[in-house]
Amino acid sequence: MLHKKPLTLAVSAAIGAVSALYVAPTFAQDEELVEEVVVTGSRIQRANLVSSSPVTQLDNEQLRLTGLTRVEDALAAIPAISLDQSSGQAIESDGVATLQLRNLGVRRTLVLMNGRRLPAGTPSGGVDSSAADINLIPGQLIERVEVLTGGASSTYCADAVAGVVNFIMQDDFEGLKIDYQYSQNRHDNDGNVVASAAEAAGQPFATGTSNDGEISDLTVILGGNFDNGRGNMTAFATYREIEGVTQVERDYSACPVRNALTCLGSSTNASGSIIPLDPNGIAPVDDFAYRVEGNQLLDGVGPGFNFAAPSYFQRPDERVIVGTFAHYDLNEQVEAYTELMFMDTKSTTQFGPAGNFFTGLDTNCGNPFLSEQQGSILGCTGDDPDQIVEFLAGRRNVEGGPRFGVLRHTTYRGVFGLRGDINDSWRYDVSWQYAEVDMRNRNGNYFDTARLDQALDAVLDDSGNVVCAPGADDGCVPYNLWNTGGVTDDQVAFLSQIYFETGTTSQEVFMAYVQGSLGDYGITSPLAENGVEVVFGAEYREETLRRDFSDNAVRGVVGGLGAALVPASGRYDVNEFYFEAVVPLVEGATLA
């Protein structure tokens, strides 16, 4: 139940359009009754949207006019907002959408819904795990978005050093609304310096007109009042599906290009970059690296691997959100309200193939795949087939295809509260909220570096077949690193890896505050018309996180993943007490 009183002051709203900030005044109307609202950055209700800090506002119509179906894309048009995680990220993607203000990082940007914190979006975000996933926001239910970019830390502490983005949702919808949106990308691949560089390097590049990246978004909203208008329930469901687009499908991203306007690439390439090591494990100063061509080692690394081409510009994505907002007047002093939401998202990321990224390896000099020339360069001496030589190798598992990750998050969120007027001067709000995010990720086409040493130690059996040396794992298949085109499907299958990542974040918040209009008791500055407004409040918040990995990732034997991954878990809680006051000192005076 929102406190109401006659509007006696001019109402002004700072409304942020997609590309500009403007002020839209509404003139005073002495007899009109308006609802007092809470402006982001304060707990004190006002009969206008004037704030002591700059608040940029986008309303539902402005968002719809952008024609964008992803909330993060529409907000990114505001100069102060930049995206951290988004659907345009492939490498190191967490499968969520996060934003930041002033480029100060997501940990310093607080995201709210109806003035309440959203949960941490994913356990997979490392130091940025606290960032909210704005995929949870159903775009068609947004009434307005308030962006506070200054002075927020005084109210919300260090979480809001950069500012606050507050999504105000519709909770009084009446009727039935079915909204379907469809969008598609269109690009003319008419050639540019990147395409020219790709052509010169023999890399694939797009030509002609691309029509791709379809996005379908269906939202159904059903709501209505009940019990003679004492309550309202708004239920909604939304389904979104996004088609993936890879970088090779655009002429301007066919390959990574730098100042020389030539295609660059990784020295962990398709041919294999080999660096011999001496018996002490030290690389020679001269003839530093070689490449595999045919069954020979030739000076110099091979062509750099184009890691950009298979990476996604736009990840495939599927999202379902269902929920309800409801409120009911129990009596004149008590209104019960609730917000219940469920979201399930599945997104797929894809980027360059895995492989062995210059970790130390060894092979036996009697390896049937190893030519005499190659063995000589590696340091094989004499006729001892069991002699072991060490080397570094950078080779992509191009035969196995790009690495991929199927990233899935399931979010539950519930808010239950009571609010209302104690009397004409005092009002209160008490609530409890709980949210949980469950993550289940499957990452594939990685490379088993633990098995690679076994697969490089090859011998001939009694029938003349190339097999792994005794002591290798069952099913071991020798890996033919030494011959161009020598890697077969069974070799790839033996070394191919999948690793799993699971985790949970949870958030529990108890919040209560009372607001009083002390002007009703005569506490007013002698030079002001409006009295002092105060808020007293308390909040308890507990956050937890758990993150686990499959055993191969913990042991650090997943080639193409980097270092070993470390499971983590923890929690923290915060007790807060706060006081806020608005004290008009001088009003209506010249120069004041």
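The notes below deal with the structure included here. Every residue gets a number counted from 1 within its own chain, in the order that chain's sequence is written. Given that the model is predicted, a residue must reach a pLDDT of at least 70 before its local features are reported, and side-chain atom pairs must reach 80 or more before they are shown or counted; all residues, however, enter totals for whole chains, interfaces and linings. Hydrogen atoms and water are omitted, and side-chain values are computed over all heavy atoms in the structure.

Once that is clear, we can look at the overall build of the protein. A run of DSSP states H or I qualifies as a helix once it reaches four residues; a run of E qualifies as a strand once it reaches two. Both are numbered from the N-terminal end. Within the protein, the regular secondary structure consists of 8 helices and 33 strands. Seen along its three principal axes, the alpha-carbon backbone of the protein occupies a region of about 105 × 50 × 45 Å. The buried share of the protein, reckoned over its 592 residues, is 49%. Accessible surface area values rest on a Shrake-Rupley calculation with a 1.4 Å probe, where residue burial reflects the displayed protein chains alone. Carbon and sulfur atoms form 54% of the exposed surface of the protein, whose accessible area is close to 26700 Å². Charge assignment: positive for Lys and Arg, negative for Asp and Glu; neither His nor the chain ends contribute. Charge positions are represented by NZ for Lys, CZ for Arg, CG for Asp and CD for Glu. Where the 37 positive side-chain charges of the protein centre and where its 79 negative ones centre are 5 Å apart. Partly exposed residues are those whose accessible area sits between 20% and 50% of the maximum for their type, while under 20% is buried and over 50% is exposed, using a 1.4 Å probe and protein chains only.

Quick look at the pairing of strand E25 (residues 388-396) now. Strands were regarded as paired on the criterion that DSSP finds at least two bridges between them. Sheet topology note: the strand E18 (residues 273-276)/E25 ladder contains 4 bridges and is antiparallel. Bridging across to E25, Ile275 finds its partner in Leu392. Here 9 bridges tie strand E24 (residues 355-364) to E25, and the two strands are oriented antiparallel to one another. Each residue of the ladder has a partner; that of Asn364, found in E25, is Ile388.

It is worth spelling out the sheet that holds strand E7 (residues 55-59) at this point. What holds strands together in a sheet is hydrogen bonding between their backbones, with the strands either parallel or antiparallel. Within the open sheet, the 5 strands sit side by side as E7-E12-E13-E10-E11. Their pairing is mixed. Since the sheet does not close on itself, it has two edges, and those belong to E7 and strand E11 (116-117), each with one partner. Note that strand E10 (residues 109-113) and strand E13 (residues 163-169) share 5 bridges and pair parallel. Note that in E13 the partner of Met113 across the bridge is Phe167.

Moving on, we get to the sheet that holds E24. The sheet built from 5 strands is open, its strands ordered E20-E19-E18-E25-E24 with antiparallel pairing. The outermost strands of the open sheet, each flanked by one partner alone, are strand E20 (296-299) and E24. Averaged over all pairs of adjacent strands, the angle between strand axes in this sheet comes to 35 degrees, irrespective of strand direction. Here, two residues are considered to be in contact whenever any of their heavy atoms come within 4.5 Å of each other. The axes are straight lines fitted to the C-alpha atoms, using for helices just the contacting stretch, and the angles between their N-to-C directions are given from 0 to 180°. With respect to the sheet, helix H6 (residues 449-456) is in contact with E24 and E25, its orientation differing from that of E24 by roughly 35 degrees.

Attention now goes to the nonpolar core. Only buried residues count toward a nonpolar core. Its members are Ala, Val, Leu, Ile, Met, Phe, Trp, Tyr and Cys residues joined through side-chain atoms within 4.5 Å. One finds Ile274, Leu378, Phe391, Leu456, Tyr479, Leu481 and Trp482 to be the most contacted residues of the largest nonpolar core, which totals 33 residues. Those elements that place two or more of their residues in this core are strand E19 (290-293), E25, strand E27 (426-448), H6 and helix H7 (489-495). With residues up to four places along the chain from it excluded, the contact list for Leu481 reads Ile274, Val292, Phe391, Ala393, Arg395 and Leu456. Core analysis: the second largest hydrophobic core is formed by 32 residues, Ile78, Ala132, Phe173 and Met341 among them.

With that settled, consider the pattern of salt bridges. Here a salt bridge means any side-chain nitrogen of Lys or Arg lying within 4 Å of a carboxyl oxygen belonging to Asp or Glu. Within this structure, the stated rule accounts for 24 salt bridges. Between Arg144 and Glu143 there is a salt bridge whose closest N-O contact spans 3.1 Å. Classification of Arg144 by relative accessible area gives buried; the value is 11%. Salt-bridge contacts for Arg546 lead to Asp548; the nearest nitrogen and oxygen are separated by 2.6 Å. Taken together, the shared-partner salt bridges in this structure form one network comprising Arg116, Glu339, Arg413 and Asp429.

Next up on the list: the environment of Pro119. Assignment of secondary structure puts Pro119 in the loop between E11 and strand E12 (142-148). Judged by its relative accessible area of 4%, Pro119 is buried. For Pro119 and Gln507, which are 388 residues apart along the polypeptide, the C-alpha to C-alpha distance reads 6.0 Å. Apart from the residues within four sequence positions on either side, Pro119 is in contact with Ala131, Ala132, Asp133, Leu136, Thr411, Arg413, Ala435, Val437 and Gln507.

How two aromatic rings sit relative to each other is given by the distance of their centres and the angle of their planes. Stacked, edge-to-face and tilted labels apply to pairs of Phe, Tyr and Trp rings (six-membered ring for Trp) whose centres lie within 6.5 Å, assigned for plane angles under 30 degrees, over 60, and everything in between, in that order. Evaluation of the coordinates by the stated rule reveals 12 aromatic pairs. Taken together, a centroid distance of 5.3 Å and an interplanar angle of 50 degrees make the contact between Phe236 and Phe325 tilted. On the criterion of sequence distance, the pair formed by Phe236 in strand E16 (residues 231-242) and Phe325 in strand E22 (residues 317-329) is long-range, its members being 89 residues apart. By relative accessible area, which is 4% here, Phe236 ends up buried. An aromatic cluster is built from Phe416, Trp432, Tyr434, Phe510 and Tyr540, whose rings are joined through pairwise contacts. Working rule: Lys NZ or Arg CZ, within 6 Å of ring centre, within 35 degrees of ring normal, means a charge sits over the ring. The ring of Tyr337 is capped by Arg419, whose NZ or CZ atom sits 4.2 Å from the centre of that ring.

In this description, the term disulfide denotes a pair of cysteine sulfurs within 2.5 Å. As enumerated under the stated definition, the model contains 3 disulfides in all. There is a disulfide in this structure between Cys365 and Cys380, and the S-S distance comes to 2.0 Å. Measuring the twist about the S-S bond at about -95 degrees, one finds the Cys365-Cys380 disulfide to be left-handed. Taken together, the residues span a long stretch of sequence, with Cys365 in the loop between E24 and helix H5 (372-378) and Cys380 in the loop between H5 and E25 at a distance of 15 residues. Put simply, Cys468 and Cys476 are joined by a disulfide, and their sulfur atoms are 2.0 Å apart. Note on the Cys468 and Cys476 pair: the S-S dihedral is about -75 degrees, so by sign convention the disulfide is left-handed. Sequence-ordered numbering of the bonded cysteines in the protein yields a pairing of 1-2, 3-4, 5-6.

Attention shifts here to the side chain of Arg419. Tracing the backbone shows Arg419 in strand E26 (residues 403-421). Arg419 sits in the buried class, given a relative accessible area of 19%. Within polar-contact distance, the side chain of Arg419 engages the side chain of Glu335 at 2.6 Å. N or O atoms within 3.5 Å of each other form a polar contact, as long as, within protein, one can give a hydrogen and the other can take it, and as long as residues adjacent in sequence are counted only when both atoms are side-chain atoms.

A large share of E26 lies buried, amounting to 14 of its 19 residues. Two elements, E26 and E27, share 18 bridges in a ladder whose sense is antiparallel. Paired with Gly420 across the strands is Tyr428, a residue of E27. Hairpin connection of E26 to E27: 4 residues between the antiparallel strands.

Read these as spatial facts, not as claims about activity.
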